[in-house]
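# Per-entry structural report
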Amino acid sequence: MTPIRVVDSITELQPADAGCIALSGSHGGLSSARYALAARPLLAVFNDAGVGKDGAGIAGLALLQTHGIAACTVSHTSARIGQAASTLADGVLSHANAAALALGLRTGQALASQIERLFRRPA
């Protein structure tokens, strides 16, 4: 099984978390993406934080895509920003980069069931 890290802030990831599924409560902006990039998870999940001006709340997805890291956001209307447990329990995917779509993740669907289906099955 792929390890899952549930962290309120993406800054909590460490190099030892490489290859994990990182479920965070952080916004999906560039600053958050840089922390994910340093840890190199298989998938980084953020909150879209309402997307924001010029797409700032999801800008990190494109940055991570350029480095081959799957990334997506859950809608700020479905999960509490800053609370990773809510990301997992309540989150509905709102945006995904091409690498996340290639893993089989789909926007408009609940995150929890997708994580269960895609990553928690035995290898």
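Going by the structure above, here's the rest.
Anyway, here's the lowdown on the structure attached to this text. (Residues numbered from 1 in each chain as written. Predicted model: local features only at pLDDT ≥ 70, side-chain atom pairs only at ≥ 80, totals over all residues. Heavy atoms only, no water.)

### Digging into the nonpolar core
In summary, soluble globular proteins display a tendency toward joint burial of nonpolar side chains. With 17 residues, the main nonpolar core has L23, L43, V45, C72, L105, L111 and I115 as its most contacted residues. Going through the elements one at a time, β2 (21–27), β3 (43–47), β4 (70–74), α4 (98–103) and α5 (111–119) are the ones with two or more residues in this core. Looking at which element gives the most residues to this core, the answer is α5, with 4 residues. Counting 16 residues, the second largest nonpolar core, distinct from the first, contains A33, L37, F46 and A71. (Core = buried A, V, L, I, M, F, W, Y, C linked by side-chain atoms within 4.5 Å. Buried < 20%, exposed > 50% of the residue type's maximum accessible area, 1.4 Å probe, protein only. Helix = DSSP H or I, 4+ residues; strand = E, 2+ residues; numbered from the N terminus.)

### What to know about the pairing of β3
Counting buried positions along β3 yields 5 of 5 residues, so the element is predominantly enclosed. Side chains L43, V45 and N47 of β3 all project onto a buried face; the interleaved residues A44 and F46 project onto the opposite face, where all are buried too. As judged from the 4 bridges shared by β2 and β3, these two strands associate in the parallel manner. Bridge pairing in β3 links L23 to V45. With helix α1 (residues 30–39) bridging β2 and the parallel β3, this β-α-β connection has right-handed handedness. Examined bridge by bridge, β3 and β4 share 5 bridges and lie parallel to one another. Within β4, the residue paired with L43 across the bridge is A70. Running through helix α2 (residues 59–66), the crossover from β3 to the neighbouring parallel element β4 is right-handed. (Pairing = 2+ DSSP bridges. Right-handed = clockwise from strand over helix to strand, strands pointing away.)

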